[in-house]
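# Examining the three-dimensional arrangement
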Amino acid sequence: MAMTAVARETVFALRRQIAKIEGTLPERLAAPAAAPFDADVNTDLTIVRRGIAAALPDAFLPVGVERLDAALSGGLPKAALSEIHGTQTRDAGAVAGFALSLTSLILKQTPGLPVLWIGTSEIFREAGFPYARGLHASFGIEPEQLLFSEAPRLVEALWVAEEAARMTALAAVILEIRGNPQRLDLTATRRLHARAQAAGRPVFLLRQAAEPEPTAAPVRLIVTSAPAVPRDTIAGPLAGSIGRPAFTLTIGKSRTALPGQFTLEWNPDECAFDERAGDERAGDEGAGGERNRPKNPVPVVSLSGGGKGPAPASGAVLAFPAVGSPISPAARDQPSRPQRTAHLGPRRAG
């Protein structure tokens, strides 16, 4: 514990020194806080980078989780390049899902403006495109609000991203890149960041299966999938069910926050994030195995109009008639399974 505290204080001191060299001292790393512009208005101001004295709270996109927003000094910057990082190929779905969740939050604040998603043919062939019906059902996004630009090579994708980042007719720009290509260097990310600042629009850089490297993004979030907890019902957790999609979010880089880790759940009904409590576990991952799985003493079904509780358990369900029961002539004349044409044809792969 002592070594951890010493290491944290060392990082804290280094960040203060870097802020002084850049010409700014972030509010979270300095004391006391800066005074507001207007003494009559109680406005919380946060210094975000060199060249900008202060930024109002509406310059950030709140994630909706109090601890995470506090760690990020209000949320993700709207007029900046933000990096959403996936370390492995299997994290591509989690990274894209988290980006779609942020897109849903952005479209709430800028209704009527679309979001442009840019990628190369390689990344779309590897990870695929979002499902149109799932966009509305899971994120409240209409298909026409999400535009896609598929470029044959990375150089074309970067050009499209730079041109789109300066457009105020877009609510946000998403650039999805796989691996660590040489063309996506510090200079390229600086251009994206500068154009996002000029347009006042966020640009999200999705890094799929890539190693961390220097970029101009003020914030880097490392996203992986988290185990889902059982679904909550009126009778408690439903055993064997799958609850809301969850993400493990790690602050890998931030100019105003120390590293931290959070487990977030996306609520598709309210289109909002919730932070999972530390004592919640998924399935049987905790100590004790089967003992941690929720038990359902009664069948959990929807209540009827005049009912006062769950329906009683149903009887035995048999695939064949019981012993001694008569068999109808129609059932006797049915061909056996090997004689059916549908069973003689090839099965669908997968």
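If you're wondering where the values come from, they're calculated on a predicted model, not measured in any experiment.

### Thoughts on the overall build of the protein chain
Secondary structure summary: the protein chain contains nine helices and 13 strands in total. Per-residue burial over the protein chain gives 35% buried out of 350 residues. When contacts within the protein chain are restricted to residue pairs at least 6 apart in sequence, long-range pairs at least 24 apart make up 67% of them.

### As for the packing of helix α6 (residues 154–165) against helix α7 (residues 186–199)
When two helices pack together, you describe them by how their axes are tilted relative to each other and by the distance separating the axes. The geometry of α6 relative to α7 is characterised by a closest axis approach of 8 Å and an angle of 20° between their N-to-C directions. In terms of orientation, α6 lies roughly parallel with respect to α7. Crossing angle aside, the handedness with which α6 passes α7 is left-handed. Here α6 contributes Ala-161, Glu-162, Glu-163 and Ala-165 to the contact with α7, which in turn contributes Arg-191, Leu-192, Arg-195, Ala-196 and Ala-199. Here the contact of α6 with α7 is built from residues that sort into five nonpolar, no polar and four charged.

### Considerations on the sheet that holds strand β5 (residues 146–151)
Ordered in space as β5-β4-β6-β7-β3-β8-β11-β12-β13, the nine strands form an open sheet in which the pairing is mixed. Strand pairing shows two members of the sheet lacking a second neighbour, β5 and β13 (272–275), which therefore form its edges. With direction set aside, neighbouring strand axes in the sheet form an average angle of 25°. This element, helix α3 (residues 92–109), spans β3 (81–85), β4 (115–120), β5, β6 (172–178), β7 (203–208), β8 (219–226), β11 (246–254), β12 (261–267) and β13 of the sheet and lies at about 170° to β7. Packed on one face of the sheet, α7 meets β3, β6 and β7 and runs near 125° to β3.

### Looking at the pattern of salt bridges
Within the structure shown, the criterion is met by nine salt bridges. For Arg-207, the salt bridge identified is with Glu-83, shortest N-O distance 3.7 Å. Of this pair, Arg-207 sits in strand β7 while Glu-83 sits in strand β3, and the two are 124 residues apart along the sequence. In this structure, the salt-bridge partner of Arg-153 is Glu-156, at a minimum N-O distance of 2.8 Å. Its relative accessible area of 51% is what places Arg-153 among the exposed residues.

### Things to note about the environment of Pro-62
Position of Pro-62 relative to the elements: it lies in the loop between β1 (60–61) and α2 (66–71). Note: C-alpha distance between Pro-62 and Gly-75 (13 residues apart in sequence) is 4.3 Å.

### Things to note about the confidence of the model for the protein chain
For the protein chain, per-residue confidence averages 77 on the pLDDT scale, and residues scoring 70 or more make up 65% of the total. The low-confidence segment residues 25–53, where pLDDT is below 50, has 56 contacts with residues more than four positions distant or belonging to other chains. Contacts for the low-pLDDT stretch residues 282–291, under 50 throughout, to residues beyond four places or in other chains number 14 contacts.

### Description of the pairing of β7
β7 sits mainly inside the fold: six of its six residues count as buried. The alternating pattern of β7 places Val-203, Leu-205 and Arg-207 on one face and Phe-204, Leu-206 and Gln-208 on the opposite face, and all of these are buried. Where β3 meets β7, five bridges bridge the pair, whose relative direction is parallel. Residue pairing in the sheet places His-85 in a bridge with Arg-207 of β7.

### A short note on the environment of Val-11
Considering the arrangement of structural elements, one finds Val-11 in helix α1 (residues 2–22). With relative accessibility at 33%, the residue Val-11 sits in the partly exposed group.

### A few points about the pairing of β4
Of all six residues making up β4, six are buried, and the element is well covered by its neighbours. Alternating positions in β4 separate into two faces, Val-115, Trp-117 and Gly-119 on one and Leu-116, Ile-118 and Thr-120 on the other, with burial throughout. Here β4 runs beside β5; their pairing, made up of six bridges, is parallel. If you follow Val-115 over to β5, its bridge partner there is Leu-146. Looking at chain direction, β4 and β6 are connected through five bridges and run parallel. Its bridge partner being in β6, Gly-119 is matched across the sheet by Glu-176.

Calculation rules
Residues numbered from 1 in each chain as written. Predicted model: local features only at pLDDT ≥ 70, side-chain atom pairs only at ≥ 80, totals over all residues. Heavy atoms only, no water. Helix = DSSP H or I, 4+ residues; strand = E, 2+ residues; numbered from the N terminus. Buried < 20%, exposed > 50% of the residue type's maximum accessible area, 1.4 Å probe, protein only. Contact = heavy atoms within 4.5 Å. Axes fitted to C-alpha atoms, helices over the stretch in contact; angles between N-to-C directions. Parallel < 35°, antiparallel > 145°, perpendicular 65-115°, else oblique. Left-handed = near helix turned anticlockwise from the far one by under 90°. Nonpolar A, V, L, I, M, F, W, Y, C, P; charged D, E, K, R; others polar. Pairing = 2+ DSSP bridges. Salt bridge = Lys/Arg side-chain N within 4 Å of Asp/Glu carboxyl O. pLDDT = per-residue confidence, 0-100.

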